[in-house]
Amino acid sequence: MHPALQNFDIICTICLYVHHRSLSALASTCRIFERPALDVLWRNLQSVEPLVKCLPSDLFTIESGRMALLKPLDTRIWGIFYKYTSRVHSIMQSDRSAVIEPLGSIMLSCPSAPTSLFPNLRSLKWHTDGTHCAAEFLRMAFVPTLLSLDIRISSASTIFLSLHRLQGLFVWDLGDQGNEHIMQLQALRTLWLDLKTSSAWERQSLLQFPGFHNLDTLLLFIDNLEHASNFLHSLQVIDSKDIEIHFTAAHTSTSSSTTLSQFFAALGETCDHNNLISFTLRNSAKVSTNPDIFKPLYTCHNLTQLLVGRSWDISMADEELCQLVRGWPNLQVLKFSRFVATNETTVPTFHGLIGLLRLCPALTTLTLVIDTTKLDGIDLKNPGGGIFNDHLEKLVLTNSPMTSPLKVALILSGLFPRLLEVDLDCWDLAPKNFLPQKQSAMQLEQWEAVNLFLLGFGVVRERCTGNMTPSDF
């Protein structure tokens, strides 16, 4: 035998590069390859079917067109089962399967504790049956070693309380009892909570729950603002560094601006203002509103990121933009909706942009539609009057209206002396039929001209500072 094959690390590395379909054959080649090959083969399961198919076929029968367990497993077969399940680190089940029912029967008769069956399970994704058969399997799969859980069932269970190490959870709303159990998961850091399928929040709850503590990220998926407000009112606090709100199309045409304001008011009352550093709004349909909806978040002075999806048209003048960011001096990333309908929506000018740079000197990323045609009071030689940002890494101005690429480039060069170019990749993601093709092409050409000017200014600046020689070309 070659000396390399006596090195266990080398054998493990070889197994990582073997085609998945060949791993079982490799495992049966000799004892040296058996353990590492089986470890790779069983580490990540794309469905639960292998858990049934690894057992003798005479254990099962077909009754009324459905697979059923014919006889219980004996000690020898349980040993085979443990041999494989102990190697599983992740399980993903995305659709219905005929083996779920017999698998539930197997789990029901399991003589050992769940920790013995799946001692190394770290991740579970379950997007299929929520029947009693599936529940038996999930009971055995909810082990203390679980770190990530993405589950789509609507029944509450105290079994969540056993997941002491769970760090990530994606789940439909489980109602009062289930949510209260989730709130007791001390290690939980990321929670995706889908409220769209729940009817539990049609009325405001009379109960007050402690809320969520020590989260890094909370994502709420909602389609009814009133229901979402009722949910927030039921919580004492949301202690999360990052909050993301994902709206669906259902709410946009039926919800008034008052309802939207009420939702943000409830959010402002609940979130931990000292801990919140990032807030994101996403939406699948157009929303037109004003910056006043963000007033409940004005006291979140540690906010470093505000990201507003491209479907939001937020009408604001220069003064309103400055008022919006005044309480966020540490803001580093500001992204407002791309491709605003400027003929219907008020957008700030360069004066508002200069005010923004004065109030938020730490900005590194900025997405904002501004009216670059209004240049009254702007000195092209010193546009910021001493205010500038020399560490901005990304600037997106999308369909900001323009008449003079040269003047725009001069102003941007003065405000952002180290900016190499305006990011134009967003034009590939422009909404269909947002602008007539001819107008869209003309605006893109104007911004490409701005970037050419910025490139030229950069070359001149480098030469003037002595950092560039003719040999650099």
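Placed above this text is the structure.
Everything numeric here is computed off the predicted structure, so don't read it as measured data.

Student: Outline the overall build of the protein, listing residues and values.
Tutor: Within the protein one finds 15 helices and 17 strands. Split into buried and exposed, the 473 residues of the protein put 47% on the buried side. Within the protein, residue pairs in contact and separated by at least 24 positions form 73% of the contacts whose partners lie at least 6 positions apart. If you sum the accessible surface of the protein, you get close to 23,100 Å²; carbon and sulfur atoms cover 51% of it.

Student: Break down the pairing of strand 3 (residues 66-69) for me, citing the residues and quoting the values.
Tutor: Taken together, the 4 bridges between strand 2 (residues 60-63) and strand 3 define a ladder with antiparallel strand orientation. Bridge assignment links Glu63 to a residue of strand 3, and that residue is Arg66. With antiparallel pairing between neighbouring strands as the criterion, strand 2 and strand 3 make up a hairpin whose turn holds 2 residues, including Ser64 at a positive phi of roughly 55°.

Student: Outline the pairing of strand 6 (residues 148-151), listing residues and values.
Tutor: One ladder, built from 4 bridges, connects strand 5 (residues 123-126) with strand 6; its direction is parallel. If you follow Trp126 over to strand 6, its bridge partner there is Ile151. In terms of strand pairing, strand 6 meets strand 7 (residues 168-172) through 4 bridges, oriented parallel. When the sheet's bridge partners are listed, Ile151 is paired in strand 7 with Val171.

Student: Describe in detail the state of the cysteines, supporting the description with residues and values.
Tutor: According to the stated counting rule, one finds 0 disulfides in the structure shown. Free of any disulfide, Cys12 has its nearest cysteine sulfur in Cys15, 6.4 Å distant. With a relative accessible area of 24%, Cys12 lands in the partly exposed category.

Student: Can you tell me about the packing of aromatic side chains, naming the residues and giving the values?
Tutor: If you walk through the whole model with that rule in mind, you get 15 aromatic pairs. Taken together, the aromatic side chains of Phe247, Phe263, Phe264, Phe279, Phe294, Trp312 and Phe336 make up a single cluster linked through ring pairs.

Student: Now, about the packing of helix 12 (residues 318-325) against helix 13 (residues 350-359): what can you tell me, with residues and values included?
Tutor: Contact geometry for helix 12 and helix 13: axes closest at 8 Å, N-to-C directions at 15°. Classified by the interaxial angle, the pair formed by helix 12 and helix 13 is roughly parallel. Here helix 12 runs over helix 13; the crossing is right-handed. Residues Asp318, Leu321, Cys322 and Val325 of helix 12 form the contact with helix 13, whose participating residues are His351, Gly352, Leu353, Gly355, Leu356 and Leu359. Classifying every residue of the contact of helix 12 with helix 13 gives 6 nonpolar, 3 polar and 1 charged.

Student: Give a description of the environment of Leu359 that names residues and reports values.
Tutor: As for its placement among the helices and strands, Leu359 is situated in helix 13. Considered as a pair, Leu359 and Asn330 are 29 residues apart in the sequence and their alpha carbons are 9.0 Å apart. Residues in contact with Leu359, not counting those within four places in the same chain, are Cys322, Val325, Arg326 and Pro329.

Student: A description of the side chain of His246 should follow, citing residues and the corresponding values.
Tutor: Of note, His246 is situated in strand 10 (residues 238-247). Side chain to side chain, His246 and Glu244 meet in a polar contact 3.2 Å long. Sequence-distant contacts of His246, defined by excluding residues within four places in its chain, comprise Leu219, Leu220, Phe221, Ile222 and Arg282.

Student: So what's going on with a nonpolar patch on the surface? Which residues, and what values?
Tutor: A surface patch of nonpolar side chains, amounting to about 270 Å² of accessible area, comprises Leu380, Leu406, Leu410 and Phe453. Here Leu406 lies in helix 14 (residues 405-415). Accessibility expressed as a relative area gives 38% for Leu406, which makes it partly exposed.

Student: I'd like to hear about the packing of helix 13 against helix 14, residue by residue, with values.
Tutor: Between helix 13 and helix 14, the shortest axis-to-axis distance is 12 Å and the interhelical angle comes to 10°. Taken together, the axes of helix 13 and helix 14 are roughly parallel relative to one another. Every residue of helix 14 that contacts helix 13 at Phe350, Leu353, Ile354 and Leu357 is listed here: Val408, Ile411, Leu412 and Leu415. Its residues assigned to classes, the contact of helix 13 with helix 14 comprises 8 nonpolar, no polar and no charged.

Student: If you had to explain the side chain of Gln93 to someone new, which residues and values would you point to?
Tutor: Along the chain, Gln93 falls in strand 4 (residues 90-93). Non-local contacts of Gln93, meaning those with residues more than four positions away in its chain, are made with Gln46, Ser47, Val48, Lys125, Trp126, His127 and Thr128.

Student: Tell me about the pattern of salt bridges, and please be specific about residues and values.
Tutor: Inspection of every chain in the model, using the stated rule, returns 8 salt bridges. Asp423 is paired through a salt bridge with Lys394; the nearest N and O atoms lie 3.9 Å apart. With a gap of 29 residues between them, Asp423 in the loop between helix 14 and helix 15 (437-464) and Lys394 in strand 17 (residues 394-396) connect regions that are remote in the sequence. On the basis of relative accessibility, which here comes to 18%, the residue Asp423 falls in the buried class.

Student: Can you break down the nonpolar core residue by residue, with the values?
Tutor: Phe137, Phe279, Phe294 and Leu412 are the most contacted members of the largest nonpolar core, which has 136 residues in total. In terms of residue count, helix 13 provides more of this core than any other element does, 6 residues in total. Sequence-distant contacts of Leu412, that is, excluding residues within four places in its chain, are made with Phe350, Leu395, Leu397, Val422, Trp447, Val450 and Leu454.

Student: Tell me what's going on with unusual backbone geometry, and back it up with residues and numbers.
Tutor: A positive phi angle, close to 60°, is found at Asn214, a residue other than glycine. Within the secondary structure, Asn214 is located in strand 9 (residues 212-222). You can call Asn214 partly exposed: its relative accessible area is 41%. Backbone geometry at Thr398 places phi at a positive 35°, although glycine is not the residue there. By the element assignment, Thr398 lies in the loop between strand 17 and helix 14.

Definitions and limits used
Residues numbered from 1 in each chain as written. Predicted model: local features only at pLDDT ≥ 70, side-chain atom pairs only at ≥ 80, totals over all residues. Heavy atoms only, no water. Helix = DSSP H or I, 4+ residues; strand = E, 2+ residues; numbered from the N terminus. Buried < 20%, exposed > 50% of the residue type's maximum accessible area, 1.4 Å probe, protein only. Contact = heavy atoms within 4.5 Å. Areas by Shrake-Rupley, 256 points an atom, 1.4 Å probe, with all protein chains shown as cover. Pairing = 2+ DSSP bridges. Disulfide = S-S within 2.5 Å. Phe/Tyr/Trp six-rings, centres within 6.5 Å; stacked < 30°, edge-to-face > 60°. Axes fitted to C-alpha atoms, helices over the stretch in contact; angles between N-to-C directions. Parallel < 35°, antiparallel > 145°, perpendicular 65-115°, else oblique. Left-handed = near helix turned anticlockwise from the far one by under 90°. Nonpolar A, V, L, I, M, F, W, Y, C, P; charged D, E, K, R; others polar. Polar contact = N/O pair within 3.5 Å; in protein donor to acceptor, adjacent residues only side chain to side chain. Patch = residues over 30% accessible without salt bridge, like charges linked within 9 Å, V, L, I, M, F, W, Y side chains within 5 Å. Salt bridge = Lys/Arg side-chain N within 4 Å of Asp/Glu carboxyl O. Core = buried A, V, L, I, M, F, W, Y, C linked by side-chain atoms within 4.5 Å.

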